[in-house]
Amino acid sequence: MPYAKKYYNITFMSKTSKKETVVVVGLGYVGLPLALLAKESGYNVIGFDINKEWVDMINGGVCPLGDDEKVAKKFAQFRFKATYDKDDITQGDIILVAVPTPVDEDQNPVYDYVISASEMVARTMKKGTLVVLESTVNPGTCEEIVRPLFEREGHIIGKDVFIAHCPERIDPGKSSFSAGYHIGNTARVVGAFTKEGTKRAAAFYRSIIDAEVREMKSIREAEAVKILENSFRDINIAFINEIAQSFDRLGIDVLDVIEGAKTKPYAFMAHYPSCGVGGHCIPVDPYYLIESAQRSGFEHEFMRNARRINNFMPIYAVERMQDALNSIKLPLKGEKIGILGLAYKANVDDTRESPSFKIIKHLRKHGADVISFDPHVLHKCDSQSLEDILARVDHIFIATNHDEFVNMDLSLLKKNNIKVVLDGKNCMDKDAIEALGVVYRGIGR
Ligand SMILES: NC(=O)c1ccc[n+]([C@@H]2O[C@H](COP(=O)([O-])OP(=O)(O)OC[C@H]3O[C@@H](n4cnc5c(N)ncnc54)[C@H](O)[C@@H]3O)[C@@H](O)[C@H]2O)c1
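These figures come from a predicted structure and were not determined experimentally. (Residues numbered from 1 in each chain as written. Predicted model: local features only at pLDDT ≥ 70, side-chain atom pairs only at ≥ 80, totals over all residues.)

Q: Give a detailed account of the overall build of the protein chain, specifying residues and quantitative values.
A: What the protein chain contains, in helices and strands, is 15 helices and 15 strands. For 445 residues, the compact-globule formula gives about 22 Å, and the C-alpha radius of gyration of the protein chain, at 24 Å, lands near that figure. Considering only C-alpha atoms, the protein chain reaches an extent of 75 × 50 × 40 Å along its principal axes. Buried positions account for 46% of the 445 residues belonging to the protein chain. (Helix = DSSP H or I, 4+ residues; strand = E, 2+ residues; numbered from the N terminus. Rg over C-alpha atoms; globule rule 2.2 N^0.38 Å. Buried ≥ 20, exposed ≤ 12 C-beta atoms within 10 Å, placed from the backbone.)

Dropping the structure here:
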């Protein structure tokens, strides 16, 4: 049966008739599911990564993102060859680049991975290849950084190589292959340097996803879409984090207010306060635009403020802990506090930019005796079970809303004589905890 992409209600090539080879460069949270999706869609797929251990795991049949059951299932179904041999890049008709784009300690964008991956592809690819950058970058990166690397190798853009940008939209925490929106049915935007490049990139994505693929007028616009999306989110989270701090002073429960505001059927979009914003995207991507706009003579004050507010939240949460302890005449210094959660988001094992580490550092700076537990990141923890950490501490600080914590048997708090619960994710039953005689503090409640 021919494979029909439902969104367009038209029939594309049969899944099995796709003869082209897709090379995915960078097999992390984005690249691995992407490789699986291309394989599932009928392409011949080769995954390239500089992490040899990772490559060996993949070739040995071990899913490196095994924590995500749905990715692991696809991995078992749609095996592809992984490699760290640069010569294999030559086989790609389509090369998708999904390498990291972090910031350094001073929040300056780090382009090193994009540069080294692009240089390698430019040196090894065959003529006529479509190269798509999926990494998040600021507007202008493809033009100012990526394009010259290909031209330096003698490639003519739009003839020897078709360079496009299609920013990834994976929602971490929801499986890349979960029900609802996932990598295979989330709309995408593409932009390229030439019309043919845009068309080729759009055709490729239409052949692997069931959703709209919007052709942007330029590669710069495609780059800007991603930064807009994530800055929008960062700013809205900062706003509600600011409201939460204000409501704490006013004695108003921010969650109740958000529920009230949500009854308005238009023009309100709920965002939620917490002890901090983590992950590889939201606390990072805005800096890419802030920095590049500044180089062009524009100061993003609103975005800078959002970053400042969100960066302050771990410290604010520690202040809430201190306030809770003081209310029962205890200092922060010397108290035994258990951090529940090191991952930046519920039910994932990703600790990149996680606020938990800033919280631990700040608590220790004030003399607290801190140990940690996270069922998804056991190798980084002092305690290996919820029962153990509850038995060893007097207070808990919930830094990640993992199911294991949200669904915890609250009688364990009483049994272990826990005195304070700091709910950094506002995910616990406040009334039930207070009914046990335990002091509860949330962020804005
Ligand atoms: N993680 C997400 O949820 C998410 C969502 C949307 C967009 N993004 C963006 O996607 C990009 C990739 O993010 P990620 O989370 O997959 O990163 P990651 O760190 O999980 O994976 C990146 C992989 O690239 C490899 N790598 C680094 N340099 C390389 C090179 N020169 N050649 C080949 N491989 C190389 C690394 O070894 C690693 O395995 C980033 O720009 C990120 O901002 C991430």
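Q: Tell me about unusual backbone geometry, and please be specific about residues and values.
A: Phi is positive for Lys-329, which is not a glycine, with a value near 60 degrees. Accessibility expressed as a C-beta count within 10 Å gives 6 for Lys-329, which makes it exposed. You will see that Asn-417, though not glycine, has its phi angle at about 55 degrees, which is positive. Relative to the elements of secondary structure, Asn-417 occurs in the loop between helix 14 (411-415) and strand 14 (420-423). Residue Asn-417 is classed as exposed on the basis of its C-beta count, with 11 C-beta atoms lying within 10 Å.

Q: Quick one: what's the story with the packing of helix 5 (residues 141-152) against helix 7 (residues 219-250), residue by residue and with numbers?
A: The N-to-C vectors of helix 5 and helix 7 enclose an angle of 115 degrees; their axes lie 9 Å apart at closest approach. Contacts between helix 5 and helix 7 involve Thr-141, Cys-142 and Glu-143 from the first element and Ile-219, Arg-220 and Glu-223 from the second. (Axes fitted to C-alpha atoms, helices over the stretch in contact; angles between N-to-C directions. Contact = placed C-beta atoms within 7 Å.)

Q: Give a description of the sheet that holds strand 15 (residues 439-441) that names residues and reports values.
A: Strand pairs in the sheet, formed through backbone hydrogen bonds, run parallel or antiparallel to each other. Spatially, the five strands line up as an open sheet ordered 12-11-13-14-15, and their pairing is parallel. Every interior strand has two partners, whereas the edge strands, strand 12 (369-373) and strand 15, have only one. Sheet twist, expressed as the average angle between the axes of neighbouring strands with direction ignored, equals 20 degrees. Pairing geometry for strand 13 (residues 395-398) and strand 14, over four bridges, is parallel. The residue bridging His-395 from the neighbouring strand is Val-420, located in strand 14. (Pairing = 2+ DSSP bridges.)

Q: Mind laying out the site of the ligand, listing which residues take part and the relevant values?
A: Around the ligand there are 27 residues in total, and Gly-26, Gly-28, Tyr-29, Val-30 and Ser-135 lie nearest to it. At three residues, the largest contribution of residues to the shell around the ligand is made by helix 4 (residues 112-124). Across the shell around the ligand, the residue classes tally to 15 nonpolar, nine polar and three charged. (Near = placed C-beta within 6 Å. Nonpolar A, V, L, I, M, F, W, Y, C, P; charged D, E, K, R; others polar.)

Q: Describe the domain arrangement of the protein chain, with residues and values.
A: When cut into domains, the protein chain gives domain 1 (4-217) and domain 2 (222-445). For domain 1 versus domain 2, the separation of C-alpha centres amounts to 33 Å. Domain 1 puts 23 residues into the contact, and the matching count from domain 2 is 22 residues. Counting residues per element, the ones that place at least two in the side of domain 1 that touches domain 2 are helix 5 and strand 9 (188-192). (Domains from an automatic or database assignment.)

Q: An account of the pairing of strand 6 (residues 94-97) is requested, with residue identities and associated values reported.
A: A two-sided burial pattern is seen for strand 6, the buried positions comprising Ile-94 and Leu-96 on one face and Ile-95 and Val-97 on the other. In this sheet, strand 6 lies alongside strand 3 (residues 21-25) in parallel orientation, the contact comprising four bridges. Each bridged residue has a counterpart across the sheet, and for Val-24 the counterpart in strand 6 is Leu-96. Where strand 6 meets strand 7 (residues 129-133), four bridges bridge the pair, whose relative direction is parallel. Across the sheet, Ile-94 pairs through a bridge with Leu-130, a residue of strand 7. Where the polypeptide runs from strand 6 across helix 4 and back to strand 7, its parallel neighbour, the crossover connection is right-handed. (Right-handed = clockwise from strand over helix to strand, strands pointing away.)

Q: Describe the environment of Ala-38, with residues and values.
A: As for its position among the elements, Ala-38 is in helix 1 (residues 31-40). Spatially, the C-alpha atoms of Ala-38 and Phe-78 are 9.3 Å apart, while their sequence positions differ by 40 residues. When residues no more than four places from it in sequence are discounted, the contact partners of Ala-38 are Val-22, Tyr-43, Val-45 and Ile-208.

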